[in-house]
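Topology and contacts: notes
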Amino acid sequence: MGIIITSKSKSLSKSKSSSTTTTTTTSREWTQIYAIYGMKQWQTLIFLLFHAIIFSLLSIFFLLYFTQICSFLQLFFISSPSAARFAAGFTGAVTALSAVCLLFAAANFFYSDVLLHYDMAQRMVGEVDDWSTVKLALDLGCGRGILLNTVATQLKKTGSSGRVVGLDRSKRTTLSTLRTANMEGVQEYVTCREGDVRRLPFGDNTFDVVVSAVFVHTVGKEYGPKTVEAAAERMRVLGEFVRVLKPGGVGVLWDLVHVSEYVRRLQELKMEDIRVSERVTAFMVNSHIVSFRKPSHHFVGPSEVRLDWR
């Protein structure tokens, strides 16, 4: 069984997270990052901002016309003046609180969609000890290419002759990802292709490193996020994740909500050095980075037995 290593204290986790964010922010302007990658969750952001504005206007309306609202409630609904004032005040307070919560959610989505994604990509790259020896890496669900280009940048920095392959379900997305790689100046290290993560178009033991960021939880969503079928699909992706990884290779996964499922599955697959990062709030839910190493050999008795990674 692998060993799960968690943060020893909340203060330590916060200091690490703060240090990572500060380093990344000072090394690169956030406006430049947004200019290259844009917003993926812009529909959700607009939805949250629209409702935040509506609730803000309603709370201002309650504040400016509080007396008139109390009179209206007393005239048509509540006979008691004190009860009418309480009802108006309570409704106004709830409306204002809702506006604040919606604004906070919008800010979190805005931050998580690009800046946090970029920061977490830097941390994920740091989970691999030596990139100079990496000949081939894979990014599952590469999307806009934030993690993909971070890996490519690391390969470039270390002088590696390796390449990173980005796999996504949409050909349109892969073409867009190649454009961002060109903007980052790492196009010679990047290859993109379309494919199904549940049936990876690669042979066994192909990649030195396999990574994925906020993607696996989306697999099987057509069945519903909490269904047995969706969980089975996610576990299938993990099996493919391990299958294409070379013996001794490193896997790094950042995802939302279902991390405990991933850890259990990796333990079942006899992965080694399983590590779980401290909790990071992303898109208003908990997220963690899970890293592991595929064992070089697996022996049962005198002969080697090939594990069924699926």
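Above this note sits the structure.
The structure contained in this document is the topic of the report that follows.

Moving residue by residue along a regular strand, the side chains alternate between the two faces of the sheet. Relative to strand 8 (residues 285-293), strand 5 (residues 245-256) runs antiparallel, the two sharing 7 bridges. Note on strand 8: the bridge partner recorded for W254 is I289. Across 3 bridges, the pairing between strand 6 (residues 272-276) and strand 8 is antiparallel. Note on strand 8: the bridge partner recorded for V276 is V290. Note: strand 7 (residues 280-282) against strand 8, 3 bridges, orientation antiparallel.

Here the focus is the nonpolar core. The biggest cluster of nonpolar side chains holds 48 residues, and the ones touching the most others in it are M124, W131, V151, V164, V190 and W254. At the level of elements, helix 2 (30-37), helix 3 (42-64), helix 5 (81-125), helix 6 (146-157), strand 3 (190-194), strand 4 (207-213), strand 5 and strand 7 are the ones that each hand at least two residues to this core. Per element, the largest residue contribution to this core is 12 residues, and it comes from helix 5. Residues F202, V219, I274 and V290 belong to the second largest nonpolar core, which totals 30 residues.

It is worth spelling out helix 5 at this point. Here helix 5 is 45 residues long and its end C-alpha atoms lie 63 Å apart, about the 66 Å a rise of 1.5 Å per residue gives. Along helix 5, the helix axis deviates most sharply at S112, where the bend reaches about 50 degrees.

This part takes up the environment of A84. Position of A84 among the secondary structure elements: in helix 5. Looking at A84, the relative accessible area reads 0%, which means it is buried. For the pair A84 and Q74, spaced 10 residues apart in the sequence, the C-alpha separation amounts to 5.6 Å. Non-local contacts of A84, meaning those with residues more than four positions away in its chain, are made with C70, L73, Q74 and I78.

Further remarks concern the packing of aromatic side chains. Scanning the model with the defined rule gives 10 aromatic pairs in all. Look at F86 and F90: their rings are 6.0 Å apart centre to centre, the planes differ by 20 degrees, and that puts the pair in the stacked class. Taken as a pair, F86 and F90 lie in helix 5 at a separation of 4 residues, close to a single helical turn. With 5.0 Å between their ring centres and 90 degrees between their planes, F202 and F207 make a pair best called edge-to-face. F207 sits in the buried class, given a relative accessible area of 1%. Through a chain of ring-to-ring contacts, the aromatic side chains of W30, Y34 and F110 assemble into a single cluster.

What counts, and where the lines are drawn
- Residues numbered from 1 in each chain as written.
- Predicted model: local features only at pLDDT ≥ 70, side-chain atom pairs only at ≥ 80, totals over all residues.
- Heavy atoms only, no water.
- Pairing = 2+ DSSP bridges.
- Helix = DSSP H or I, 4+ residues; strand = E, 2+ residues; numbered from the N terminus.
- Core = buried A, V, L, I, M, F, W, Y, C linked by side-chain atoms within 4.5 Å.
- Buried < 20%, exposed > 50% of the residue type's maximum accessible area, 1.4 Å probe, protein only.
- Expected span 1.5 Å × (residues − 1).
- Bend = angle between axes of the 7 residues up to and from the residue.
- Contact = heavy atoms within 4.5 Å.
- Phe/Tyr/Trp six-rings, centres within 6.5 Å; stacked < 30°, edge-to-face > 60°.

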